[in-house]
Amino acid sequence: MKQIFALVFLMSMVASAADVSEVRVKALDGFGGDVSSVVARVQTKVGQPYSDVTLTRDVNSLKDSGEFEAINAEIEEVNDSIEVTFFVKRKVRFVSPMVIKGAEGLSESKIAKASELKDGYLYGEGDLAEAAQKVRKAYQKKYYGHAKVMPLVEVTSGNNATITFVVDEGEKRKVASYVFDGVEGVEESELHEAIEDFPWWNPIGWFTDAPITDDERARCCEKVAKVYRDHGYLDVAVTGPTEENLEDDAGKMNLVFNVVEGPCYKIGKMSIVGLTKYSEEDVRAKSSLPMEGEAASEKTLEDAAHRVMVTVGSGDLGLAESKVDVKRIPTGVDNTLDIVFKVTEGHPVVIEDIIIRGNDFTKDKVIRREIALGPGDRMLEDRAERSQKRLENLDYFSRVRYYLEDTGRGTDENGAIYKNLVYEVEEKNTGSFMVGVGASSVDSVYVSAEVSQSNFDLFAPSKMFRGAGQKGRVYVAWGPRYQTAEVGVTEPHLFDRLLQLDVEGYRRMRWYDEYDLIRSGASVALSYPVKFWPTWDPFGRLGFKLSGEFIEFDDIDYGTWTYKGKEVSLVEENRKYGDAFEPVIGIFWSHDTRDNYRMPSKGSRTRIFADLATGGDNEYWRLGFNHRNYFTTWERYHHVLMVNFRAETIDAITDEVPIYNRMFLGGPKSIRGIEYRHVSPFAIGNTRSDVVPWGGQTLFCMNVEYTIPIVKMLRFAVFSDLGSVGEDTFDLDFSDTFAWTVGAGLRLDIPMFPIRLDLATPIEKPDHAKKEAFSFSVGYDF
C-alpha cells in the first residue's frame, strides 16, 4: 500500500517576506543515485521570497508527475531566511529484462509473469514489495512454503533501473494431508470441505486449489471454527496450522490444525424482550423460533434473530429499523443456554421514494418491477426482504442489499417518518460464451458453441446488448448423428406487463439408423399469469403458441416392413410426408415452483398443452401432460426424491400421423436400460432381426429417482423407469410395448456442464427392444 505523506508547513515563526536561502532534496527510498534534478523542477528557488502557495503548487506538481511514491516538504527559519527540504520516495522506470538469481523451481519467465511488472512502467518500493509477494505466492503454490524473494534495484540513468529478484527457494515439500487434532463432535469431511481440501475423485477439487499460501492457511482456522460454531460449539478454539514432517517421505508434510472443541451447547428456554407494540406470543408464532434441545448453532440463532426483526418490522405497525440482539445465558445444566432475543423497536416509516444504486447496465425498471413496495407505502420488512430475494434470483447481481435513507421531510399525520428505500446492487457478468465437446449415448460425440445473455437488451449495442432483463441465446452443435443451430429471445415483461414473449428459430438435423430427419422452423409464444378460485393468487401461466416448421427426410432405408397388418416403407413415408410444412397453433398452461431450476430439491413443474396443426401439409391434434415433483426426504443430508409423470396422445385429422410425429420412448432421457426409441410399436420385416421402431400415438412414462449427495457436486442416484407406447389415439393397451427398468448412476453437477452416468437393466421390455446397460448424457434432469 502506497503511503502518501501530508504536506507539513512549520509556519509559526516564518516572516511572510523572508527569502529562500536553501532548497534541499532528501531521498527516503533505497534506490540511491542523484536526486538533485528535483530542485530544477520546482518553482521555489534560492534567493526568491518564500511563498507557501508556490511550495504547495510544487508538491502537487511532483505528485501529479507520477514519478514519486510519496512527497513531503518541510521549511525551517534560519537567520531570517527560509530553508526548504523536499523529502521524496521515488519511483523507478523498469527496463527489461528482469534479472533472476537463485531460482530453480520456477522458470524465469514464470517469475516475471507472476511479478506482473511491465517494461517501461514506474514502480516504487511498495510496488516492488508487492511484486515480490506475488512471486512468493507463486512459489508457495508449487510447495515452496518458505521461499523468500527480495527485489533489488540498480538505477542506470535518470530514473531508469534494472530490477533483480533474489530468490531463496527453501525446501520443496508438498502437503500430504490436512490433519485436525482434537476432533470428536464434527465430521472431519465437513472440515476438509470448509477449507476446500477435496479428495482427488471429487469434481469440485478439479476447479479449486487447496490452501497453500500463508494467507490461505491463516483463514482456514476461522473457517474451521465457523463449522464448529454452526454445530453449537460456541467456545471452540482453532490454532495452527503447524508443519509435521513425514518420516518416510522428506518431500511431504502434514499441516496440523489443533482444535479445542469445548462443550456443545443446546438451546434451553427462549424469550423475546423489549416488545411494546406487539405481544411476545404473536412474534414467537410468526418468527419460527428453533426448538428447545436443538444445538445452539451460531447460524441458527442469527437466523432466528433475523426472523424476529422481520416480524417486528412487518405487520400492522411495521416498526422499521428494529434491531435484535441475541443473549446466551448459561443455565449450568447439561451445557444448556437460555436464549433471550432483545428487541430494540424501530419506528413506522413511509416510503417517499425508491432509489436504485449500482446498476451501470441494468435498467431501473428491470429492478423496480421486482420490488413489492412503492412510494407512499408503509415500510414492511417482509416485503422488502422478499423483493431482495427476487432480485437475487434474477442472477444479475453478485450482491443485493436494501436500507432506509433520511429525506429530511419529517413525519406524516400519523407520526410515520418519511424515508427513501434504497436498493443497492453490484452487477456481475451475465453473459457466457462456451465452446466444448459434448457426448451422449444417443447423440454420440459433437462439438458445440453457445453465446447466451441472461440480462439481454436487443436494442442496446452500446451496452453490449445488456440490461433490459431479456434472455438471448445462440447455440450451434455439430456431430455425426446430431447437428443443430438455434437462436432465441425471451422478453419476460412485454409492454412492461407480466406478458412473456418467447421467440425461437432453429434448424435441427438428426441421423437415425433408418433415415435422417431435418426440421427447420420458428415459433412465437405469449404467456400470462393466471388466477384461480378461491384465492385468486397467480397460479401458473397460460400461453398461446404459433409455430411453423418445414420437415425433410434424407438418406432413407429402402426396405419394406409390416405394421398393423399393412406394408409400410420409408420411401412411401417420404413420398407422402416428406418436404412438409406444418403450421401449428397451441395453448398451454405451466406452473413451476422449483427452488432451483438447475438442481431442484423441492417444488414441482407442470405443463399441460394442446396443439392443432392445420392449413399445412399435415393436419393433426395433440394433447399432453407432464408433471415432475421434487421432495427433500432427509433435510440434514439433502436427500432428494424426484417423481415424473408424462402422458401424450396424437391423431391425424386427415390421412395418418407421419412417422416423425409419432411417439417413442427409451434412452437416457426417458427409459434408461433400453435403447433410444426402442419402447415403441415395431414394423416387422421378413426376418426377426429386421425390425424398425415405427412409433405410436399414445404414450405414458413414469420416472422415480432418489439422489444422495456424496460430496459437493457429486450425487449418487437410484432410479426406476417405466412406460409404454400404444399404437392408436388414447390406446391404453400397453401390454405389447410395456417397459420397466431399474438402475443406479452418478450425477456430476459441474456448473454449465452437468453429466449423468447411468447403469440400468430391464425387468420388463418389449420383444424387439434392445437393452442398453450404460447411458450417459449432458444436461439438467431429463
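Structure: see above.
What you see is a predicted model; the values in this text were computed from it and never measured.

Rules behind the numbers
- Residues numbered from 1 in each chain as written.
- Predicted model: local features only at pLDDT ≥ 70, side-chain atom pairs only at ≥ 80, totals over all residues.
- Heavy atoms only, no water.
- Axes fitted to C-alpha atoms, helices over the stretch in contact; angles between N-to-C directions.
- Helix = DSSP H or I, 4+ residues; strand = E, 2+ residues; numbered from the N terminus.
- Parallel < 35°, antiparallel > 145°, perpendicular 65-115°, else oblique.
- Left-handed = near helix turned anticlockwise from the far one by under 90°.
- Contact = heavy atoms within 4.5 Å.
- Nonpolar A, V, L, I, M, F, W, Y, C, P; charged D, E, K, R; others polar.
- Patch = residues over 30% accessible without salt bridge, like charges linked within 9 Å, V, L, I, M, F, W, Y side chains within 5 Å.
- Areas by Shrake-Rupley, 256 points an atom, 1.4 Å probe, with all protein chains shown as cover.
- Salt bridge = Lys/Arg side-chain N within 4 Å of Asp/Glu carboxyl O.
- Lys, Arg positive; Asp, Glu negative; His and termini not counted.
- Charge placed at Lys NZ, Arg CZ, Asp CG, Glu CD.
- Buried < 20%, exposed > 50% of the residue type's maximum accessible area, 1.4 Å probe, protein only.
- Polar contact = N/O pair within 3.5 Å; in protein donor to acceptor, adjacent residues only side chain to side chain.
- Pairing = 2+ DSSP bridges.
- Expected span 1.5 Å × (residues − 1).

### Looking at the packing of helix α3 (residues 108-115) against helix α4 (residues 125-141)
Alright, step 1. Taken N-terminus to C-terminus, the directions of α3 and α4 make an angle of 130°; their axes are 8 Å apart at the nearest point. When the axes of α3 and α4 are compared, the pair comes out oblique. For the element pair α3 and α4, the recorded crossing hand is right-handed. Side by side, α3 and α4 meet where Ile111, Ala114 and Ser115 of the first sit next to Ala131, Lys134, Val135, Ala138 and Tyr139 of the second.
Alright, step 2. Here the contact of α3 with α4 is built from residues that sort into 6 nonpolar, 1 polar and 1 charged.

### Quick word on a positive patch on the surface
Alright, step 1. On the surface, a cluster of positive charge is made up of Lys110, Lys142, Lys172, Lys174 and Lys252.
Alright, step 2. In this structure lysine 174 comes out as partly exposed when scored by relative accessible area, which is 40%.

### Considerations on the side chain of serine 322
Alright, step 1. The topology assignment puts serine 322 in the loop between β13 (319-320) and β14 (323-330).
Alright, step 2. For serine 322, a relative accessible area of 7% corresponds to the buried category.
Alright, step 3. A distance of 2.7 Å separates the side chain of serine 322 from the backbone oxygen of leucine 319, its partner in a polar contact.
Alright, step 4. Look past the residues within four positions of serine 322 in its chain and what remains in contact with it is Met309, Val312, Thr344, Glu345 and Gly346.

### Quick look at the sheet that holds strand β12 (residues 266-273)
Alright, step 1. Ordered by their spatial adjacency, 3 strands build an open sheet running β12-β15-β14, and the pairing between neighbours is mixed. Two strands bound the open sheet, and with one partner strand each, they are β12 and β14. Between one strand axis and the next, the sheet turns by 25° as a mean value, whatever way the strands run.
Alright, step 2. Note that β14 and strand β15 (residues 336-344) share 8 bridges and pair antiparallel. Along β15, the bridge assignment pairs lysine 327 with valine 340.

### Things to note about the sheet that holds strand β3 (residues 81-90)
Alright, step 1. On the basis of which strands lie adjacent, the open sheet formed by 3 strands has the order β1-β3-β2 and mixed pairing. Each edge of the open sheet carries a strand with a single partner, namely β1 (20-27) and β2 (68-78). Averaged over all neighbouring strand pairs, the angle between strand axes comes to 15°, with direction disregarded.
Alright, step 2. Together, β2 and β3 form the strand contacts of helix α2 (residues 52-64), whose direction differs from that of β2 by roughly 160°.

### Examining helix α8 (residues 298-312)
Alright, step 1. Taking 1.5 Å of rise per residue, 15 residues should cover 21 Å, and α8 covers 21 Å from first to last C-alpha, within 8% of that figure.
Alright, step 2. Listed in full, the buried residues belonging to α8 are Leu301, Ala304, Ala305, Val308, Met309, Val310, Thr311 and Val312.
Alright, step 3. At the N-terminal end of α8, a side-chain oxygen is found 3.2 Å from the backbone nitrogen of lysine 299, two or three residues along, and the residue is serine 297.

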